[in-house]
Each structure stands twice: as C-alpha cells, then as structure tokens.
Amino acid sequence: MTPLRIAAYASIFTCSTFSFAANLPRNTQPGNVVVCEPNDGCIHHTIFGHDYKLLTTDRFSVMVFLSSEGAYTRADVSITNLTSTPINLSPEDFHIQALASRSKVFLYVPPSQLDQLPASTPTTPKANPNPNQEINELEAARQREAQEAVELAAATPHLKAITIPPNQAVHGRVYFERDPRPTPQQVNLVLPIAGTVFKFPDTIKP
C-alpha cells in the first residue's frame, strides 16, 4: 500500500465521525459519564471488516474498535471535538476495566514500553482451482482488501497527548495491558475526555 493510499484510507476514520455526528441522535445520559448502549445513540459502523462503535454527544463524537495484538489489547480510537474551544487529550488517562471485577484495571502502555508487537506480513494470494472466473476475481478482491486492512492497521499512528482544535478530529491506536488467561473477558474501555467519561462495553478475546 502506497503512502498516498494509506493517507486516503486513514482519512476515512476522521471523516466518518464527522458525517455520522451530523445525523446521529445525541447521547442524553445525565452526569459526566456516558455509556455506549444502543438505546443511548451508540451505533455500530463497519470499516474494513472491523466493527467500530460510535457514540456522539453534544460535545464529542468518539469511535472505537478493540482487538488483541501480541500481549496487549489494542484500541483504535477516533475523537472529534464538536465544541467551539480546543480540548486537551491524553491517552495516559485511558484504561480498560474488567466487568467481572471492578478492581481489575488494565492500564495504558506507552509506545516506548511495548514489547515485540507482531509485524505486518504480506499475504500470498491463494490459487483457486475453481474455473469460475467470477468467483476467482471475488476471492482475489477479498484477499487484497484483507491485506490492505492489515497494512493500514500497521500504519495507524500511536495516539499521543494532543490539543484538538474545534471541529477537528484525531485518530490513533492505543495499547493496554491484557489478562493472559485464555478466556473471553467482558470489559469497559474507559476514555476520560475533557470532563466527560466515555465507556464502551466490549469483549476481549484471547
């Protein structure tokens, strides 16, 4: 994937939050904690086969996708500032909380402390013995899309502490500690953002 294509694909994430935020119902939960629930305006949005959750309030639009990468839980996060003033954002404030044990918290791991993340490796197209040309072309297209998704994930920058200007968005990846037990775990991804705490229920798979 060329740098131009990577930039074009990456822009989809920030553009998505803008386009959806304009039309989605706003979350109206009281207080400064909002939870991504279907009845509160939280929706699912598929990008490159990944199921992102998108939650919009009057102040922010937040889109997240959780996955496992190496020994860590990875969160791809896109945040749009819908206010008229800049906001300060720091991924060090983010964490994952286990629902089975409220005291169990998985902390943010800065890029400098990450160990041996799996490298992106090119896939070799598989030969399809089926003589049906249409099926062969569909399979080839599927393999290309899967490989581009892998390359884009590797090219996504680490989310860093930043000031988000009004009506602007940032997108990046964030890593957290992960429980080594080989069982799925119900969790909340907790994102404190400028006085509002966003919680995204999800399942971490081994």
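Residues numbered from 1 in each chain as written. Predicted model: local features only at pLDDT ≥ 70, side-chain atom pairs only at ≥ 80, totals over all residues. Heavy atoms only, no water.

Trainee: Help me understand the overall build of the protein chain, please; the structure alone is not making it clear to me.
Mentor: Within the protein chain, the secondary structure is distributed over two helices and 12 strands. Sequence-ordered secondary structure for the protein chain, helices as α and strands as β, is α-β-β-β-β-β-β-β-β-α-β-β-β-β. The buried share of the protein chain, taken over its 206 residues, is 39%. A separation threshold of at least 6 residues defines the contact pool for the protein chain, and within that pool the share at least 24 residues apart is 64%. (Helix = DSSP H or I, 4+ residues; strand = E, 2+ residues; numbered from the N terminus. Buried < 20%, exposed > 50% of the residue type's maximum accessible area, 1.4 Å probe, protein only. Contact = heavy atoms within 4.5 Å.)

Trainee: Please explain the pattern of salt bridges as it appears in this structure.
Mentor: Opposite charge on two side chains allows them to pair when their charged atoms are near. What the rule picks out here adds up to three salt bridges. Each of E69, R74 and D76 takes part in salt bridges that share partners, so that together they form one network. (Salt bridge = Lys/Arg side-chain N within 4 Å of Asp/Glu carboxyl O.)

Trainee: Looking at this structure, how should I read the confidence of the model for the protein chain?
Mentor: In regions of low pLDDT, the predicted coordinates are not meant to be interpreted in detail. Per-residue pLDDT for the protein chain averages 78, and the proportion of residues at 70 or more is 68%. Long-range and interchain partners of residues 4-10, a stretch whose pLDDT sits below 50, account for nine contacts in this model, where long-range means more than four residues apart. pLDDT under 50 marks residues 20-30. Its contacts with residues more than four places away, or in other chains, come to 25 contacts. (pLDDT = per-residue confidence, 0-100.)

Trainee: Is there a simple way to explain the packing of aromatic side chains in this structure?
Mentor: In this description, an aromatic ring pair is defined by two values, namely the gap between the centres and the angle between the planes. Tallied over the full model, the rule gives three aromatic pairs. A centroid spacing of 5.4 Å and a plane angle of 40° characterise the contact between Y52 and F65, whose relative ring orientation is tilted. Taken together, the residues span a long stretch of sequence, with Y52 in strand β3 (residues 50-56) and F65 in strand β4 (residues 60-69) at a distance of 13 residues. When sorted by exposure, Y52 lands in the same class as F65, which is buried. (Phe/Tyr/Trp six-rings, centres within 6.5 Å; stacked < 30°, edge-to-face > 60°.)

Trainee: Explain the side chain of T83 to me, please; I cannot follow it from the model alone.
Mentor: With respect to the helices and strands, the residue T83 is situated in the loop between β5 (72-81) and β6 (87-89). Accessibility expressed as a relative area gives 16% for T83, which makes it buried. In terms of polar contacts, T83 uses its side chain to reach the backbone carbonyl oxygen of T85, at 2.9 Å. If we skip the residues at most four places from it in the chain, T83 touches R59, F60, P166 and N167. (Polar contact = N/O pair within 3.5 Å; in protein donor to acceptor, adjacent residues only side chain to side chain.)

Trainee: What is the right way to look at the sheet that holds β3 in this model?
Mentor: Adjacent strands of a sheet pair through backbone hydrogen bonds, lying either parallel or antiparallel. An order of β1-β12-β11-β7-β8-β10-β5-β4-β3-β2 is seen for the 10 strands of this open sheet, with the pairing classed as mixed. Both edges of this open sheet fall to β1 (33-35) and β2 (43-47), since each of them pairs with a single strand only. Sheet twist, expressed as the mean angle between neighbouring strand axes with direction ignored, is 30°. The pairing of strand β8 (residues 105-109) with strand β10 (residues 169-176) spans two bridges and is classified as antiparallel. Counterpart to V109 in the pairing with β10 is Y175. (Pairing = 2+ DSSP bridges. Axes fitted to C-alpha atoms, helices over the stretch in contact; angles between N-to-C directions.)

Trainee: I would appreciate a short explanation of unusual backbone geometry in the present structure.
Mentor: Trans is the prevailing form of peptide bonds, just as negative phi is the prevailing case for residues other than glycine. Positive phi values are uncommon outside glycine, yet N167 reaches one of about 55°. As for its position among the elements, N167 is in the loop between β9 (162-164) and β10. Phi at A194 takes a positive value of approximately 50°, unusual for a residue other than glycine. We classify A194 as partly exposed; its relative accessible area is 32%.

Trainee: For this particular structure, what's the right way to read the side chain of K53?
Mentor: With respect to the helices and strands, the residue K53 is situated in strand β3. One buried charged residue, K53, remains without a salt bridge, the closest side chain of opposite sign being D202 at 4.2 Å. If near-sequence neighbours (up to four positions away) are discounted, K53 is found in contact with C36, C42, I43, H44, V62, M63, V64, F200, P201 and D202. (Lys, Arg positive; Asp, Glu negative; His and termini not counted.)

Trainee: Please clarify how the nonpolar core should be interpreted in this entry.
Mentor: For soluble globular proteins, the rule of thumb is that nonpolar side chains tend to be buried together. Grouped together as the largest cluster of nonpolar side chains are 30 residues, with contacts concentrated most on L191 and I193. Listed by contribution, the elements that provide at least two residues to this core are β4, β5, β6, β7 (95-98), β8, β10, β11 (185-193) and β12 (196-204). Leave out the neighbours within four places in its chain, and L191 touches V62, V64, V77, F94, T196, V197, F198 and F200. Grouped together as the second largest cluster of nonpolar side chains are five residues, I47, Y52, L54 and M63 included. (Core = buried A, V, L, I, M, F, W, Y, C linked by side-chain atoms within 4.5 Å.)

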